[in-house]
Amino acid sequence: MQSNAAIALTPDAALARAIYDLGHSTVFAARTDPRFSYCMYVPPHIDTAKHPMELVVIMHGTGRAFVEYRDAFAEFARWNDCIVLCPLFPVGPLGDGNRDGFKQLLEGEIRYDQILLDMVAEVGEKFGLSFNKFGLFGYSGGGQFVNRFAYLHPERLWAVSIGAPGSVTLLDPSQDWWVGVRDAETRFGKGVDIEALKQVAVHMIVGKADLETWEITHREGGKFFMPGANDAGRTRPERLESLRRSFEAAGVKAVLDLVDNVPHDGLKCVGQVQDFLARALRKLRHQEN
């Protein structure tokens, strides 16, 4: 990542930047597709930070609590010299009320992974930075997104934290997408680079009490039903353990955190995720130095 460089601004532009871009930002439409938007937390000391700024992307779940996640990571960003980017992929961009399209990366003509990558580039340009790699966390539906994003774009990540996905895509070349990855290249024009994935710090997290199954059991005739849809396990902890084992079988190290007394509540897992990201950041910066 390039070093920070203060951007020369007129007094009025500097004031507007301080109000709307720095700290808890306003909400911006994505330049390539304004159906989608994002907010940020940008440390106000960005131009004088001790370390070059790194980027952490937080992907919301089905409830779209993107602002809440931004706020939960604000102090982490401030003390660790990071920009936090929180996309919003709203329900029903195709007008059909679909809540789940972003989780699969592909919905009609929409490629959510590519939209996120352009948001990353947009934020980098806004602050004169180049985020060739970034950290990524998602919970619930966001956990599904980051599970699959990591397969297609491991070379863009220095860390990924996969939180409590209701459905997992196993690192299994014997099964088709979305249960496995056998036909990923056919579907997305890009296969899974296992060697690149091995270079990413991988974390998985779920509450021990996250045991409800009504929303995650696939039934014949359902939108995403396919053979093997429920084979990874009955509950989210079971499915995440199956995902970890599939990574391990492919030679990809992954750490799984089971959080005591936590049901399906992503904000109650934020502390452990931040600990993981802080460790990965320290290692990244040590390597860069």
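Our structure's up above, just so we're on the same page.
The rules behind these values
- Residues numbered from 1 in each chain as written.
- Predicted model: local features only at pLDDT ≥ 70, side-chain atom pairs only at ≥ 80, totals over all residues.
- Heavy atoms only, no water.
- Helix = DSSP H or I, 4+ residues; strand = E, 2+ residues; numbered from the N terminus.
- Rg over C-alpha atoms; globule rule 2.2 N^0.38 Å.
- Buried < 20%, exposed > 50% of the residue type's maximum accessible area, 1.4 Å probe, protein only.
- Contact = heavy atoms within 4.5 Å.
- Areas by Shrake-Rupley, 256 points an atom, 1.4 Å probe, with all protein chains shown as cover.
- Lys, Arg positive; Asp, Glu negative; His and termini not counted.
- Charge placed at Lys NZ, Arg CZ, Asp CG, Glu CD.
- Patch = residues over 30% accessible without salt bridge, like charges linked within 9 Å, V, L, I, M, F, W, Y side chains within 5 Å.
- Salt bridge = Lys/Arg side-chain N within 4 Å of Asp/Glu carboxyl O.
- Polar contact = N/O pair within 3.5 Å; in protein donor to acceptor, adjacent residues only side chain to side chain.
- Axes fitted to C-alpha atoms, helices over the stretch in contact; angles between N-to-C directions.
- Parallel < 35°, antiparallel > 145°, perpendicular 65-115°, else oblique.
- Nonpolar A, V, L, I, M, F, W, Y, C, P; charged D, E, K, R; others polar.
- Phe/Tyr/Trp six-rings, centres within 6.5 Å; stacked < 30°, edge-to-face > 60°.
- Lys NZ or Arg CZ within 6 Å of the ring centre and 35° of its normal.

### Side note on the overall build of the protein chain
A count of helical and extended segments in the protein chain gives 9 helices and 11 strands. Here the protein chain has a C-alpha radius of gyration of 19 Å; the compact-globule value for 289 residues is 19 Å, and the two agree. Based on the C-alpha atoms only, the size of the protein chain along its principal axes is roughly 60 × 45 × 40 Å. Here the protein chain holds 289 residues, and 55% of them are scored as buried. Across the protein chain, contacts joining residues at least 24 apart in sequence account for 71% of those joining residues at least 6 apart. On the protein chain, roughly 12600 Å² of surface is accessible, and the fraction owed to carbon and sulfur atoms is 50%. Taking the 32 positively charged and 37 negatively charged side chains of the protein chain as two groups, their mean positions are separated by 3 Å.

### Digging into a nonpolar patch on the surface
A surface patch of nonpolar side chains, amounting to about 320 Å² of accessible area, comprises L15, I19 and Y20. Summarising the element assignment, I19 is placed in helix 1 (residues 11-21).

### Side note on the environment of V259
Along the chain, V259 falls in strand 11 (residues 254-259). Since its relative accessible area comes to 8%, V259 is described here as buried. Taking the C-alpha atoms as reference points, V259 and A209, 50 residues apart in sequence, are found 8.2 Å from one another. Not counting residues within four places of it along the chain, the set of residues in contact with V259 comprises I205, V206, G207, K208, C269 and Q272.

### Digging into the environment of R70
Structurally, R70 is set in helix 2 (residues 66-72). Sequence separation of R70 and T169 is 99 residues, and the distance between their C-alpha atoms is 26 Å. Not counting residues within four places of it along the chain, the set of residues in contact with R70 comprises H24, S25, C39, M40, Y41 and C86. There is a polar contact of 2.9 Å between the side chain of R70 and the backbone oxygen of M40.

### Here's the deal with the packing of helix 4 (residues 112-126) against helix 5 (residues 141-152)
Where helix 4 meets helix 5, the closest approach of the two axes is 11 Å, and the angle between their N-to-C directions is 80°. When the axes of helix 4 and helix 5 are compared, the pair comes out roughly perpendicular. Here Y112, D113, L116 and L117 of helix 4 come into contact with helix 5, specifically with F145, F149 and L152. Tallied by class, the residues present in the contact of helix 4 with helix 5 amount to 6 nonpolar, no polar and 1 charged.

### Here's the deal with the pattern of salt bridges
Taken as a whole and assessed by the stated rule, the structure comprises 21 salt bridges. Measuring nitrogen to oxygen at the nearest pair gives 2.8 Å for the salt bridge that ties D260 to K208. Here D260 is found in the loop between strand 11 and helix 9 (270-288), whereas its partner K208 is found in the loop between strand 10 (201-207) and helix 8 (236-249), with 52 residues between them in sequence. Overall, K208 belongs to the partly exposed group, its relative accessible area being 44%. Of the charged contacts in the structure, one is a salt bridge between R244 and E248, with a shortest N-O distance of 3.3 Å. With a gap of 4 residues between them, R244 and E248 both fall in helix 8, about one helical turn apart. Its relative accessible area of 51% is what places E248 among the exposed residues. In the salt-bridge network here, residues are joined through shared partners; they are E241, R244, R245 and E248.

### So, the packing of aromatic side chains
In this structure the tally under the stated criterion is 14 aromatic pairs. Ring centres of Y151 and F247 lie 5.9 Å apart, and the angle between their planes is 35°; on these two criteria the pair is classed as tilted. Of the two residues, Y151 is situated in helix 5 and F247 in helix 8; the sequence distance between them amounts to 96 residues. A residue is classified by how much of its surface remains accessible, and Y151, at 0% relative accessible area, is buried. Residue class for F247 comes out buried when judged on its relative accessible area of 1%. The structure contains a cluster of three or more aromatic residues connected by ring pairs, namely F36, F89, F102, Y112, F134, F145 and F149. Cation over ring: K126 sits above F28, and NZ or CZ is 4.0 Å from the ring centre.

### Some words on the side chain of S246
Along the chain, S246 turns up in helix 8. Here S246 falls in the buried class, since its relative accessible area comes to 10%. Dropping the residues within four chain positions of it, S246 is found in contact with L170 and L171.

Note that all results are geometric; they support no functional claim without further evidence.
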